[in-house]
Amino acid sequence: MSQIFEQTFERTLDALVARATPGQSFEAWTFDDAKSRREAEERLKKKGVSARIRSAYKPLLFTFLEEINLDGVDSIEVGYPVHANAPANRFRLEAYPLAALVGDAKIGFIARKDDALHYDLTLKRGDRTETLKVLAPNRVHSDIVGETNVSPTGWFRLAGDMTGERLETDYERLFEAAIKAVASHDWGNEEPYFEELNIRAAHPAEDLSLPVGDEVVSLREALHEDFYFSLLEFFQKKSGRPLGDRGLKPGQIVPEIVKSNGEVSVRIETRALTTAFLDGMEQTIDAASEPVAAGQIAGLLSEIGGEAFDARSRSGRILAARYIAGSDAAVMVSGGQHPNETTGIVGAIRAARKLAERKGAHFTISPLENPDGYALHQRLRVDNPRHMHHAARYTALGDDLEYRTLENSGSHLNEKEIRFKAQEMSGASLHVNLHGYPSHEWTRPLSGYVPRNFAMWTLPKGFFLIIRHHADWESQAEALLDRVTRHLGTIPGLLDYNNRQIALYEIHAGETGFRIINGFPCLSSIDDRHTVPMTLITEYPDETIYGDDFITGHTAQMETVLSAYDAWQEILVGETV
């Protein structure tokens, strides 16, 4: 273990209270939860100071949650700015999920022609019309990789001052100081640069659950996301790769953002890799209400039978898989490439158990392709079970195993070997690869708000499918999507679930850009990168769901595998007739 940086920061709310003078009146915007902001206002009131402290994060949403009375409101019009240095829908996205929180009132978002950083609101109550402006404090700045961002920031405005000035908050100072400390460290020139880079930050903000699906507002989760992807980008640039390159192998970047009792601090150190899993309680697999312990996954896999094969992760953990030989057309089934996407792991096991009971079944099953990431996810969930934890998305090498090839892996083929073995043993021409994505909003507030290179994933939009196929397999791809989506449409409640999420998505983000096939969003593209000619990828909004929602998710994943397997038999038989 080697410490790189440590610092404690004065809390912005404490500074505002300490520096205010009796008789003063002001407004401020900070990155704090509502309870902390109200407590600071009370402390100021006792000093003879009149203050209103608002949220710098998602200011329009919090204005509605904390200040606007919706009684009798029939319609709401939101005029939002469009900034040249931000996506056109950036400030419309920032209002999410407001449209689901205004009751029966009709709401519309209208892009303004200017980039003044405020929202114009028009509220109609019968014959009365009210208008108001809601400030959206942002700054235009360059980040550690030289990209220009428009990012939320703190703000301070004395009574009578219509403009105000930027207030650099504790939240922002913590992030900037930590990023600069990592960037200024000597990492050498050989990947991986470390085993684990641990960023442990403490911040007092409480998470706020919203009465919309799995939505939660979390400043700590947002800080995790900003740290993780900003540091990936730093190391991408250091390595000479383009931003977003998934072949980078920096090591395992681990932001641990914990709730404090008031302290704002950060400590950065390098650590050795962990090699164990946390123990978990055994669950009935068909009714598993949360991610399943790795030991239980291994036990269920061994019960399936067939021929065992495996690979090793960077830390030495075993990727266990099975090959069931039969007379059917072979199909590869996998889960856990991104192990914070948890329903696919359970869905893969459940589907394999059912397929193994069939006469002639022919498939491979590797339900947990990234055990190092899964172990990290288990570890991070202990403190924050409802956070997305994208640090667990990639391997302990820091790359996406999907993008690791024989040519670019060097001595680190590791996890990817399981797929090469599966195809070699089975000869499969279809790979069903089970994935998920965030079940609530994903943001990077200190780096432009919208996650760079992941903009299409920032809001949930239902269960959807992606097919990547070789150039001469288009007709099979279309047939597979048609058959699978028709089957999924028979699952009670799934289409309604999709329709609700898509409707809310379109209000706040615009068109999905997907084809809708039998009620399900789908993407299909030619991709010769895979050695298997056809890859069907599922995307269920699952990263933070539990209970009945989790069961619904892994059931949908299982049904996709089973329907794709059956459809593939029909499609290939049709080709030989």
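Calculation notes
Residues numbered from 1 in each chain as written. Predicted model: local features only at pLDDT ≥ 70, side-chain atom pairs only at ≥ 80, totals over all residues. Heavy atoms only, no water. Helix = DSSP H or I, 4+ residues; strand = E, 2+ residues; numbered from the N terminus. Expected span 1.5 Å × (residues − 1). Buried < 20%, exposed > 50% of the residue type's maximum accessible area, 1.4 Å probe, protein only. Arc of directions from axis to C-beta. Contact = heavy atoms within 4.5 Å. Pairing = 2+ DSSP bridges. Axes fitted to C-alpha atoms, helices over the stretch in contact; angles between N-to-C directions. Polar contact = N/O pair within 3.5 Å; in protein donor to acceptor, adjacent residues only side chain to side chain. Phe/Tyr/Trp six-rings, centres within 6.5 Å; stacked < 30°, edge-to-face > 60°. Lys NZ or Arg CZ within 6 Å of the ring centre and 35° of its normal. Parallel < 35°, antiparallel > 145°, perpendicular 65-115°, else oblique. Left-handed = near helix turned anticlockwise from the far one by under 90°. Nonpolar A, V, L, I, M, F, W, Y, C, P; charged D, E, K, R; others polar.

### A short note on helix α8 (residues 343–355)
Stage number 1. Compared with the 18 Å implied by 1.5 Å per residue over 13 residues, the 18 Å span of α8 between its first and last C-alpha is a close match.
Stage number 2. The element α8 is largely enclosed, with a buried count of eleven among its 13 residues.
Stage number 3. Within α8, the full set of buried residues consists of T343, G344, I345, V346, G347, A348, I349, R350, A351, A352 and L355.

### A short note on helix α7 (residues 294–304)
Residue pairs three or four apart in sequence face the same way in an α-helix, which turns once every 3.6 residues.
Stage number 1. Among the residues of α7, those classed as buried are A294, Q296, I297, L300, L301 and I304. Projected onto a plane normal to the axis of α7, the buried residues spread over an arc of 155 degrees and lie on a single side. When the buried face of α7 is taken as reference, the exposed residues oriented beyond 90 degrees from it are G295 and E303.
Stage number 2. The inward-facing, buried residues of α7 abut β18 (318–324), α8, β20 (363–366) and α9 (371–381).
Stage number 3. The positive-phi residue at the C-terminal boundary of α7 is G305, with phi of around 85 degrees.

### Let's talk about the sheet that holds strand β10 (residues 154–158)
Two strands in a sheet stick together by hydrogen bonds in their backbones, pointing the same way (parallel) or opposite ways (antiparallel).
Stage number 1. Taken in spatial order, the four strands line up as β3-β2-β10-β11 in an open sheet, and their pairing is mixed. Two strands in the sheet have a free side with no partner beyond their single neighbour: β3 (50–55) and β11 (165–167). On average, each strand axis in the sheet is tilted by 25 degrees relative to the strand beside it, whichever way the strands run.
Stage number 2. With six bridges connecting them, strand β2 (residues 25–30) and β3 associate as parallel partners. Its bridge partner lying in β3, E27 is registered against R52.
Stage number 3. Those strands touched by helix α1 (residues 12–19) are β2, β3, β10 and β11, and its axis lies near 170 degrees from that of β2.
Stage number 4. The strands that helix α2 (residues 34–46) touches are β2 and β3; relative to β3, the one it contacts most, it runs at about 170 degrees.

### Looking at the environment of Y171
Stage number 1. Relative to the assigned elements, Y171 resides in helix α5 (residues 170–184).
Stage number 2. It is 27 Å that separates the C-alpha atoms of Y171 and G373, two residues lying 202 residues apart in sequence.
Stage number 3. Look past the residues within four positions of Y171 in its chain and what remains in contact with it is F31, H203, L219, A222, L223, P445 and L446.
Stage number 4. Within the local environment of Y171, its side chain forms a polar contact with the backbone oxygen of L219, the two atoms lying 2.6 Å apart.
Stage number 5. A distance of 3.4 Å separates a polar side-chain atom of Y171 from the backbone nitrogen of L223.

### Details of the packing of aromatic side chains
Stage number 1. Within this structure, the stated rule accounts for 21 aromatic pairs.
Stage number 2. Between F31 and Y171 the ring centres are 4.8 Å apart and the planes differ by 15 degrees, which places this aromatic pair in the stacked class. One end of the pair, F31, is in the loop between β2 and α2; the other, Y171, is in helix α5, and 140 residues separate them in sequence. Across the pair, Y171 and F31 agree in class, each one buried.
Stage number 3. Judged by centre distance (4.9 Å) and plane angle (70 degrees), the rings of F234 and F235 are edge-to-face. In this structure, F234 and F235 share a single accessibility class: buried.
Stage number 4. Among the aromatic side chains, those forming a connected cluster through ring pairs are W187, Y193, F194, F234 and F235.
Stage number 5. The ring of F277 has R317 lying over it, and the distance from NZ or CZ to the ring centre is 5.1 Å.

### Re the packing of α1 against α2
Stage number 1. Contact geometry for α1 and α2: axes closest at 10 Å, N-to-C directions at 10 degrees. Classed by the angle they form, the pair α1 and α2 counts as roughly parallel. Crossing handedness for the pair α1 and α2: right-handed. Contacts from L13, D14, L16 and V17 of α1 reach α2 at S36, R37, A40, R43 and L44.
Stage number 2. Split into classes, the residues belonging to the contact of α1 with α2 amount to five nonpolar, one polar and three charged.

### Quick word on the side chain of K58
Stage number 1. Relative to the elements of secondary structure, K58 occurs in the loop between β3 and α3 (59–66).
Stage number 2. Among the polar contacts listed, one links the side chain of K58 to the backbone oxygen of E94, at a separation of 2.8 Å.
Stage number 3. Here Y449 takes part through its side chain, which lies 3.0 Å from a polar atom of the side chain of K58.
Stage number 4. Setting aside its immediate chain neighbours within four residues, K58 contacts L93, E94, A95, Y96, E441 and Y449.

### A look at the sheet that holds strand β21 (residues 430–437)
Stage number 1. If you trace the nine strands from one edge of the open sheet to the other, you get β17-β18-β20-β19-β21-β25-β22-β24-β23, paired in mixed fashion. Among the strands making up the open sheet, the edge pair consists of β17 (307–312) and β23 (515–517). The mean angle between the axes of side-by-side strands here comes to 25 degrees, regardless of whether they run parallel or antiparallel.
Stage number 2. Taken together, the three bridges between β23 and strand β24 (residues 520–526) define a ladder with antiparallel strand orientation. For R515, the partnering residue across the bridge sits in β24 and is C522.
Stage number 3. α7 contacts β18 and β20 of the sheet and is inclined by roughly 20 degrees relative to β18.
Stage number 4. Strands β21, β24 and β25 (534–541) of the sheet are contacted by helix α12 (residues 494–509), whose axis makes an angle of about 80 degrees with β24.

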